[in-house]
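Report on the structure
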Amino acid sequence: MITKIVKVDKEHPDEAVIKEAGEILKNGGLVAFPTETVYGLGGDGLNARSSEKIYQAKGRPSDNPLIIHIAQLEDLDKIAEDVPDGAKKLAEKYWPGPLTMIFKKKDIVPIETTGGLESVAVRMPSHKVARALICYGGKYVAAPSANTSGRPSPTLAEHVIEDLNGKVDMILDGGEVGIGLESTIVDFTEKIPVILRPGYINQKMIAEVIGEVRMDKGLLITDASVRPKAPGMKYRHYAPRAELTIIEGETEAVVAAINEKCRKAEAEGLRVGVIGTDETKMLYHASVVKSIGSRQDEESIGLHLFRILREFDSENVNLIFSESFDTPNMGQAIMNRLLKAAGHHVIKV
């Protein structure tokens, strides 16, 4: 397959290009496109074969459900049942935006899209390219992140090209995304709403709108027999090729521990990478040291995480050591992704 790559203005996307991409979706093809969170790999969410193509292109397990993206609130009723008042309040507050909600699905949604579940995950993105594509592509676009399964999610079109060139029909290049972490997922099929994936919209923000909401105890599923209710709950994600270890503790102790581990590893002939911040980058002694952003700007940390993980692959490092980033608002989401990338390998100092 030859993939067509087209640059689009994220504020004023070319209508002819979006129409062409929409026709690809309606005809059962795949289009990668930017959202405010990460790049998505889109197919017709109501077409079972399109969803199967998404799984094939990504190398994604077929029991890992896809999110259906809509552009108008009234389109929710066609695919979801029993939408509670709390979900409607959240939609009023945070849609369009980086929030996914799970409801009981209607029969029109194929189980190939939902990973075999009787529930459906739905999001309304705010990105203008994404919204236009949804409108021209049939209103219901199933779209996981546009990367090879298990790799860091794409925040630039270059990441999509690296993973999926030749596997999809078109890639819409809208430049860098705005947030860099996937959407928050809230499950409304439970009596008390449950956060299945933390994101930019955190637990406190959700509770302020709907009251009680809990974090799912199974966010870190290790039982292979458990069927995940949301994307990314069961399988290892975001992993660089090198082994990644998180060092947790007070800053001075973390810097000292990382430098000592780097010294020992490099004495053995290994090439070592370090993930620090603007405040600590100059304190490290390793083959490759990268700043993920400033602790004074936690959104910069979220935005740069996946790009930094991918950059280490091109640096041919053997080991990576990272600081922990338990920041006030996005820390839960950042650490959720970083822990998965590290295979939960954490050393406390």
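Quick caveat: nothing in here was measured; it's all calculated off a predicted structure.

1. Quick look at the overall build of the protein
Secondary structure summary: the protein contains 10 helices and 17 strands in total. Computed over its C-alpha atoms, the radius of gyration of the protein comes to 20 Å, within 12% of the 20 Å expected for a compact globule of 349 residues. Taken over the C-alpha atoms alone, the protein extends approximately 60 × 50 × 40 Å along its principal axes. Across the protein, contacts joining residues at least 24 apart in sequence account for 69% of those joining residues at least 6 apart. Here the protein has roughly 14,500 Å² of accessible surface; of this, 48% comes from carbon and sulfur atoms.

2. Here's the deal with the packing of helix α4 (residues 85-94) against helix α7 (residues 203-210)
Close contact between α4 and α7 brings their axes to 9 Å; oriented N to C, the two are set at 120 degrees. Between α4 and α7, the crossing angle belongs to the class labelled oblique. Seen from above, α4 lies across α7 with right-handed handedness. Judged by residue contacts, G86, K89, L90, K93 and Y94 of α4 engage M205, I206, V209 and I210 from α7. Partitioned by chemical class, the residues of the contact of α4 with α7 number 6 nonpolar, 1 polar and 2 charged.

3. Observations regarding the pairing of strand β11 (residues 194-197)
With 3 bridges connecting them, strand β10 (residues 184-187) and β11 associate as antiparallel partners. Paired with V186 across the strands is I195, a residue of β11. Here β10 folds back onto β11, and the loop between the two strands holds 6 residues. In this structure, β11 lies alongside strand β12 (residues 214-215), joined through 2 bridges in parallel fashion. The residue bridging I195 from the neighbouring strand is M215, located in β12.

4. Section: the pattern of salt bridges
In total, this model carries 23 salt bridges according to the counting rule given. A salt bridge links R310 to D163, with the shortest nitrogen-to-oxygen separation between them at 2.8 Å. Of this pair, R310 sits in helix α9 (residues 298-314) while D163 sits in helix α6 (residues 157-164); the two residues are 147 residues apart in sequence, bridging distant segments of the chain. Accessibility assignment for this pair places R310 and D163 in one class, buried. Through salt bridges with shared partners, one network takes in R151, E162, D163, R241, R310 and D313.

5. As for the sheet that holds strand β16 (residues 319-323)
Taken in spatial order, the 5 strands make up an open sheet running β15-β14-β16-β13-β17, and their pairing is parallel. Two strands in the sheet have a free side with no partner beyond their single neighbour: β15 (288-291) and β17 (346-348). In this sheet, neighbouring strand axes are inclined to one another by 20 degrees on average, regardless of whether the strands run parallel or antiparallel. As paired elements, strand β13 (residues 243-248) and β17 share 3 bridges and run parallel to each other. Each residue of the ladder has a partner; that of E248, found in β17, is K348. Against the sheet, helix α8 (residues 251-267) touches β13, β14 (272-276), β16 and β17, its axis set at about 175 degrees to β16.

So, how was this worked out
Residues numbered from 1 in each chain as written. Predicted model: local features only at pLDDT ≥ 70, side-chain atom pairs only at ≥ 80, totals over all residues. Heavy atoms only, no water. Helix = DSSP H or I, 4+ residues; strand = E, 2+ residues; numbered from the N terminus. Rg over C-alpha atoms; globule rule 2.2 N^0.38 Å. Contact = heavy atoms within 4.5 Å. Areas by Shrake-Rupley, 256 points an atom, 1.4 Å probe, with all protein chains shown as cover. Axes fitted to C-alpha atoms, helices over the stretch in contact; angles between N-to-C directions. Parallel < 35°, antiparallel > 145°, perpendicular 65-115°, else oblique. Left-handed = near helix turned anticlockwise from the far one by under 90°. Nonpolar A, V, L, I, M, F, W, Y, C, P; charged D, E, K, R; others polar. Pairing = 2+ DSSP bridges. Salt bridge = Lys/Arg side-chain N within 4 Å of Asp/Glu carboxyl O. Buried < 20%, exposed > 50% of the residue type's maximum accessible area, 1.4 Å probe, protein only.

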